[in-house]
Amino acid sequence: MIELVLEERCSGCNACVEICPTNVLEIGSDSSPFIARQNECQTCFMCELYCVEDAIYVGPYCDRPDPVDRESILASGLLGELRRYHGWDEWAADPRYSNEHWQMEKVFLRARDMAICTAP
Amino acid sequence: MSNHRQDTLELTTDVLVIGGGLAGTWAASAARRTGASVILVDKGYCGTSGVTATAGPGHWWVPPDPAQLRENTIRNRLKTGFGLNDPEWMNRVLALTWESLPTLAEFYNFSNDENGVTQYRALRGPEYMRALRKLVDSLGVTVLDHSPALELLQHSDGSVSGACGIRRQKGGDWQVNAGAVVLATGGTSFLSRLLGSHTNTGDGYLMAAEAGAEFSGMEFTSYYTVAPNHSTMTRSMSYAFATYYDEDGVVIPMPPGPDTMRPLARALLKGRVFCDLHRTPEDIRAKVPVISPNFMLPFRRWGIDPYKDRFEITLHGEGTIRGIGGLRVVGWDCRTSVPGLFAAGDAATRELVAGAISGGGNINSAWAVSSGQWAGQGAARYARKHEAAGGGRPIGQAGLRPGSATRHVDLTAALAAVQREVLPYDKNIFRSGDRLEQSGTVLEDIWTEFHSHAAGNFQTVLRTRETAAMLTTARWCVASALARDESRGMHQRDDRPQTSARFNRRILVGGLQKVWTRTDPAPKPELAS
Ligand SMILES: Cc1cc2nc3c(=O)[nH]c(=O)nc-3n(C[C@H](O)[C@H](O)[C@H](O)COP(=O)(O)OP(=O)(O)OC[C@H]3O[C@@H](n4cnc5c(N)ncnc54)[C@H](O)[C@@H]3O)c2cc1C
């Protein structure tokens, strides 16, 4: 579930409020987003992907809040990881993060071939 | 719903599309391309909502040449689908999917393989839905985000003439008067925590049933997908290399191939199950983050190395998502039996193409792409003959207009009770007649209470309607599973282990006050005029 919106990074673009499928965030009196309904979070990570400032952290638990320490999250290297692997925004030209989703079928075929080889 | 007219955004259009996921966006674009005016409403945000946005659908993808390729594909699928699917529908889906995906090149950056050949078959979810949002915006479709539909409007002649809902971010209500309506509200996993599925609560099924529509294939709703325990991450690719262990660390034997669901469910009924992915080849490990970028997120955040460490797993129910059932379509343009109402994607039955087994991995997305376009075009054609006119009556019942005095109904408890009947492995994967009978009785009791007394206010009306939708969808699933007094495909009854020729027919279901089932008298839909 979503755990943090880091004010020090947030630019107040409020994209997360708009794109959250389950309407978890709201625009606060200071015009920046806050977590208004954490229990509605479906742990889909879309807010992280759409946050160009890497200011959002979603925890891995989908069925319970799991408060985190902001300093350790800032230091963890986890912020922005999803957006980078998707090759969005400033990562678009980086060949390390080009979209190789199309390889999925080949991976399934490799697994099938391995299973055939190791079958008794 | 509120009676404050001044709070209502009232709009008129040729075609209203309800649901802006994979099928809804293809529907809106196809309708708009015929020249019709189109409004698309989504409960969440069109572009991130729905189960495509968090996944990465590989489509059913077979080249037209040589012709035997498709013929063989169809013949094989008829066999694995246990004869409930239809070769003509399969052929149409293969053909339209093949033509459609390359048309997205303006908005989706398709990859080339190492030989420079463009790869169209599988698209990454967030990029795919972002592209489809750009497409509908570029075509001039009016999109209302965060605007869930709550109920349909219906004329006295029975034809559907629009819908109403709420604007959950802007406040107030909306009403759209339309010449025709496409329901593309997705399937429902009964809020099982399946990835990306929490806006898919079966609302379209409930709304359509209130207008008199019927359903098909609702017994084929027993598909489950593995995920790390406490996570939503039902991305299955990497589990092709999984090794599973019981609580004592003993390897659980798995048949080779993708059918691990039943052995896993059996093991989970005995105790906790653990997994590692140590058999994954090194080169694939390196590629996983750029193939499925979300797969590693929970592991990294828990500090688990899934290639080395064992982690606990669970199975999330998919209900009608990678199950099969949904609204019955009765024409090539995906019309339902209600005039002016069309169905697309997981809101519609996929039995016509998938048969009695899951359409995940290929057919579901191809069906969403093609049924969306047929429904969009069909709705536009219908709207040309039946201009949008006000005067439709809102027809929502359960949760909106209770049968008797309004009373507090505990929504959390009602949902938990529904989930207890349709999600447990021992009730839904390993079915039996007497357990289904019991589930039916429990669900009828909840329905009677719910239908008679539940009514939401602006804050609670959406969750109230969603709960009503999942509740009545569960009733249809259970009734269909009872009516199919045999085992076939994903529907497996411990008490009826054989497949019986008597049931070489689709099973139809419907009804709100009283649930009915019957076998489909006409396996083939009539040609649309
Ligand atoms: C993890 C996962 C992986 C998958 N992988 C594959 C694959 O590889 N190949 C394949 O063929 N299929 C796959 N599928 C299935 C495929 O994703 C679906 O068949 C497809 O997304 C269906 O599209 P849809 O538009 O009907 O539903 P969705 O994409 O789920 O969209 C439904 C939309 O309706 C909206 N909505 C719901 N209720 C309302 C309401 N009351 N008012 C307004 N809007 C509403 C929702 O917000 C949502 O945006 C996968 C599914 C999952 C869960």
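Residues numbered from 1 in each chain as written. Chains lettered and ligands numbered in written order. Predicted model: local features only at pLDDT ≥ 70, side-chain atom pairs only at ≥ 80, totals over all residues. Heavy atoms only, no water.

You'll find chain B entered in an unreviewed UniProt entry as Oxidoreductase, with Phyllobacterium myrsinacearum given as the organism.

Looking at an unreviewed UniProt entry, chain A carries the name Ferredoxin, with the source organism given as Phyllobacterium myrsinacearum.

Trainee: Explain the packing of helix H5 (residues 203-211) of chain B against helix H14 (residues 461-483) of chain B to me, please; I cannot follow it from the model alone.
Mentor: Helix packing for two helices is described by the angle between their axes and how far apart those axes are. Residues and elements named next belong to chain B. In contact at an axis separation of 8 Å, H5 and H14 are set at 75° when each is read in the N-to-C sense. On the basis of their axis angle, the class for H5 and H14 is roughly perpendicular. Contact residues: H5 offers Asp203, Tyr205, Leu206, Met207, Ala209 and Glu210, while H14 offers Arg465, Glu466, Ala468, Ala469, Thr472, Thr473 and Trp476. A class-by-class count of the residues in the contact of H5 with H14 yields seven nonpolar, two polar and four charged. (Axes fitted to C-alpha atoms, helices over the stretch in contact; angles between N-to-C directions. Helix = DSSP H or I, 4+ residues; strand = E, 2+ residues; numbered from the N terminus. Parallel < 35°, antiparallel > 145°, perpendicular 65-115°, else oblique. Contact = heavy atoms within 4.5 Å. Nonpolar A, V, L, I, M, F, W, Y, C, P; charged D, E, K, R; others polar.)

Trainee: Mind showing me how you'd approach the sheet that holds strand S11 (residues 311-317) of chain B here?
Mentor: Residues and elements named next belong to chain B. Read across the open sheet, the four strands follow the order S8-S11-S10-S9; overall the sheet is antiparallel. The open sheet is flanked by strand S8 (224-228) and strand S9 (243-245), the only strands paired with a single partner. Taken pair by pair, the neighbouring strands of this sheet meet at an average axis angle of 45°, ignoring direction. Relative to strand S10 (residues 273-276), S9 is paired through three bridges, and the arrangement is antiparallel. Across the sheet, Tyr245 pairs through a bridge with Phe274, a residue of S10. Packed onto the sheet, helix H6 (residues 261-270) meets S8, S9, S10 and S11 and runs at close to 115° relative to S11. (Pairing = 2+ DSSP bridges.)

Trainee: In this structure, what is going on with the site of the ligand? I would like to understand it.
Mentor: All names here are of chain B. In the region of the ligand, 37 residues are neighbours, and Ala23, Asp42, Thr52, Asn200 and Ser365 sit closest. In this structure, an oxygen atom belonging to the ligand sits 3.4 Å away from a main-chain N or O atom of Ala184. Within the complex, the protein chains bury 98% of what would otherwise be the 990 Å² of accessible surface of the ligand. Of all the secondary-structure elements, those providing two or more residues to the shell around the ligand are helix H1 (22-33) and helix H10 (363-385). Considering every element that reaches the shell around the ligand, the biggest residue donor is H10, with four residues. (Near = heavy atom within 4 Å. Polar contact = N/O pair within 3.5 Å; in protein donor to acceptor, adjacent residues only side chain to side chain. Areas by Shrake-Rupley, 256 points an atom, 1.4 Å probe, with all protein chains shown as cover.)

Trainee: What's the story with the nonpolar core in this structure? I'm lost.
Mentor: Nonpolar side chains in soluble globular proteins tend to be buried together. Residues and elements named next belong to chain B. Residues Val15, Leu16, Ile18, Tyr128 and Leu152 are the most contacted members of the largest nonpolar core, which totals 147 residues. In terms of residues, this core owes the most to one element, H10, which gives 11 residues. Each of two domains, domain 1 (2-186 + 195-216 + 325-394) and domain 3 (411-518), supplies a minimum of three residues to this core. Those residues in contact with Leu152 that sit more than four places away from it in its chain are Ile18, Val160, Gly162, Ala163, Val181, Met207, Ala208, Ala211, Leu341, Arg393, Pro394 and Ile395. Counting residues in each nonpolar core, the second largest holds 32 residues, with Met261, Val273, Ile284 and Phe430 among its members. (Core = buried A, V, L, I, M, F, W, Y, C linked by side-chain atoms within 4.5 Å. Buried < 20%, exposed > 50% of the residue type's maximum accessible area, 1.4 Å probe, protein only. Domains from an automatic or database assignment.)

Trainee: Which parts of the structure should I look at to understand the packing of helix H2 (residues 67-80) of chain B against helix H3 (residues 87-100) of chain B?
Mentor: Residue and element names in this part refer to chain B. At their nearest, the axes of H2 and H3 sit 10 Å apart, and the two run at 130° to each other. Between H2 and H3, the interaxial angle falls into the category oblique. In this structure, H2 crosses over H3, and the sense of that crossing is right-handed. On H3, the residues touching Arg70, Ile74, Arg77 and Leu78 of H2 are Pro87, Met90, Asn91, Leu94, Ala95 and Trp98. Looking at the contact of H2 with H3, its residues break down into seven nonpolar, one polar and two charged. (Left-handed = near helix turned anticlockwise from the far one by under 90°.)

Trainee: Just to check I follow, could you spell out the interface of chain B and chain A for this structure?
Mentor: Where interface size is given, it is often the accessible area lost as the parts come together that is meant. Listed per partner, the contact involves 58 residues of chain B and 46 residues of chain A. In total, chain B and chain A occlude about 4,800 Å² of area from one another, counting both sides; carbon and sulfur atoms represent 59% of this. Applying the counting rule to chain B against chain A returns eight salt bridges. The partner of B:Glu114 in a salt bridge is A:Lys106, with the nearest N and O atoms 3.1 Å apart. Among the elements that take part in the side of chain B that touches chain A, helix H7 (residues 282-291) of chain B stands out by supplying six residues, more than any other. Grouping the constituent residues of the side of chain B that touches chain A by class yields 21 nonpolar, 21 polar and 16 charged. (Buried area = accessible area lost by both parts, 1.4 Å probe. Salt bridge = Lys/Arg side-chain N within 4 Å of Asp/Glu carboxyl O.)

Trainee: I keep staring at the sheet that holds strand S12 (residues 326-327) of chain B and nothing clicks. Help me out?
Mentor: Within a sheet, neighbouring strands are paired by backbone hydrogen bonds and run either parallel or antiparallel to one another. All names here are of chain B. In space, the four strands of this open sheet follow the order S12-S7-S15-S16, with antiparallel pairing throughout. Among the strands making up the open sheet, the edge pair consists of S12 and strand S16 (516-519). Packing of H14 onto the sheet brings it into contact with strand S7 (215-216), strand S15 (507-510) and S16, and relative to S15 it is tilted by some 145°.

Trainee: Please clarify how the side chain of B:Ser231 should be interpreted in this entry.
Mentor: With respect to the secondary-structure elements, B:Ser231 resides in the loop between S8 and S9. Residue B:Ser231 is classed as buried on the basis of its relative accessible area, which comes to 1%.

Trainee: Teacher, can you tell me more about the domain arrangement of chain B here?
Mentor: All names here are of chain B. You can read the domains of chain B as domain 1 (2-186 + 195-216 + 325-394), domain 2 (227-315) and domain 3 (411-518). The distance between the C-alpha centroids of domain 1 and domain 3 comes to 24 Å. Between domain 1 and domain 3, the contact holds 31 residues from the first and 26 residues from the second. Roughly 2,300 Å² is buried in total at the junction of domain 1 and domain 3, and carbon and sulfur atoms are behind 65% of that figure. When the buried surface of domain 1 facing domain 3 is broken down by residue, Leu84, Leu206 and Phe215 rank first, second and third, together holding 26% of it. Along the contact surface separating domain 1 from domain 3 lie three salt bridges. Its salt-bridge partner being Glu210, residue Arg465 comes within 2.8 Å of it at the nearest N-O pair. Where domain 1 touches domain 3, the interface holds eight residue pairs in polar contact (both at pLDDT 80 or more).

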